[in-house]
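# Remarks on the overall topology
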Amino acid sequence: PVERVVLTTNGNLQRVLAAMALRDVVVVPRYTIARGAGMFDREVELWLSEGDSGGLRVRVARCRSTVCVRDEATRAAIAGQEVGLGQVLEARKTAPEFVLLGAGRSSGEPGRGVLTRQYGLRAEMIECWIHEEIDLGACLGGALGEGAGGEA
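Okay, so let's go over this structure.

Thresholds, definitions, all that
Residues numbered from 1 in each chain as written. Predicted model: local features only at pLDDT ≥ 70, side-chain atom pairs only at ≥ 80, totals over all residues. Heavy atoms only, no water. Helix = DSSP H or I, 4+ residues; strand = E, 2+ residues; numbered from the N terminus. Buried < 20%, exposed > 50% of the residue type's maximum accessible area, 1.4 Å probe, protein only. Contact = heavy atoms within 4.5 Å. Areas by Shrake-Rupley, 256 points an atom, 1.4 Å probe, with all protein chains shown as cover. Pairing = 2+ DSSP bridges. Arc of directions from axis to C-beta. Salt bridge = Lys/Arg side-chain N within 4 Å of Asp/Glu carboxyl O. Core = buried A, V, L, I, M, F, W, Y, C linked by side-chain atoms within 4.5 Å. Polar contact = N/O pair within 3.5 Å; in protein donor to acceptor, adjacent residues only side chain to side chain. Phe/Tyr/Trp six-rings, centres within 6.5 Å; stacked < 30°, edge-to-face > 60°. Lys NZ or Arg CZ within 6 Å of the ring centre and 35° of its normal.

## What to know about the overall build of the chain
When helices and strands are counted, the chain shows five helices and six strands. The secondary structure elements of the chain, listed N-terminal to C-terminal, are α-α-β-β-β-α-α-β-β-β-α. When burial is assessed residue by residue, the chain has 43% of its 152 residues classed as buried. Of the contacts made within the chain by residues no fewer than 6 positions apart, 53% connect residues no fewer than 24 positions apart. For the chain, the accessible surface area stands at approximately 7,800 Å², while carbon and sulfur atoms represent 53% of it.

## What about the pairing of strand β3 (residues 56–69)?
When you tally the buried positions in β3, you get 10 out of 14 residues, the bulk of the element. With 11 bridges joining them, strand β2 (residues 39–49) and β3 adopt antiparallel strand pairing. Across the sheet, D41 pairs through a bridge with T66, a residue of β3. Two elements, β3 and strand β6 (residues 126–134), share nine bridges in a ladder whose sense is antiparallel. In the sheet register, R64 faces β6, and the bridge partner there is H131.

## Regarding helix α3 (residues 72–79)
Listing the buried residues of α3 in full gives T74, A77 and I78. Considered in projection along α3, the buried side chains sweep an arc of 95 degrees and stay on one side of the axis. Where α3 is buried, its residues meet β1 (25–36), β2, β3, α4 (85–91) and β6.

## Considerations on the pattern of salt bridges
Overall, the coordinates contain 15 salt bridges when judged by the stated rule. Here E127 ties to R122 by a salt bridge, and the two come within 3.0 Å at their closest N and O atoms. Beyond isolated ion pairs, a larger network of salt bridges with shared partners links R30, E43, E45, R59, R62, R64 and E133.

## What about the nonpolar core?
Of all hydrophobic cores here, the largest spans 21 residues; its most connected members are V6, L13, L17, L46, V60, A61 and I134. Counting only elements with at least two residues in this core, the list comes to α1 (2–7), α2 (13–21), β1, β2, β3 and α5 (136–144). Sorting elements by how many residues they give to this core places α2 first, with six residues. Counting residues in each nonpolar core, the second largest holds 14 residues, with V67, I78, Y119 and I126 among its members.

## A look at the environment of Q118
Among the structural elements, Q118 can be located in strand β5 (residues 114–123). Along the backbone, Q118 and G102 are 16 residues apart, and their C-alpha atoms lie at a distance of 5.1 Å. Excluding residues within four positions of it along the chain, Q118 makes contact with V99, L100, L101, G102, A103, I130 and H131. A polar contact is formed between the side chain of Q118 and the side chain of H131, at a distance of 2.9 Å.

## Notes on the packing of aromatic side chains
Evaluated as defined, the whole model comprises one aromatic pair. We note R117 situated over the ring of Y119; from NZ or CZ to the ring centre the distance is 3.9 Å.

## Considerations on α2
Among the residues of α2, those classed as buried are L13, V16, L17, A18, M20 and A21. A positive phi of about 60 degrees marks L22, the residue just after α2.

The structure is reproduced here in structure tokens:
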């Protein structure tokens, strides 16, 4: 059931993982490369927070995307690495069209299963093609306090 929920999130993976883990999940931008004409290649990671300390505890997802932006405000936010894609959609109160293109499991690091998915999102101001690697064991381990590895 957890995998089905994660596979069908439409730009709100950060919120879903936070709810599963009962902790804040922080978007950490790794890179944003402008390809011109509102096109960007991006990579962000989602990390469970340490709680009150605000530190990062464990990485729960890596998200790589190609993004086509149709308006200047969104373009500036994406280029400046100010927000994640889910935050852009939430700020606009927009539920994008979602198309799951593929999904699977990979072993990831020893003892940790990783769920992968490829999907597209489309809304008035943005269109994205995204590949994600989601470590459900780390996320659920964080929720249960088992410390599923990957210390920051």
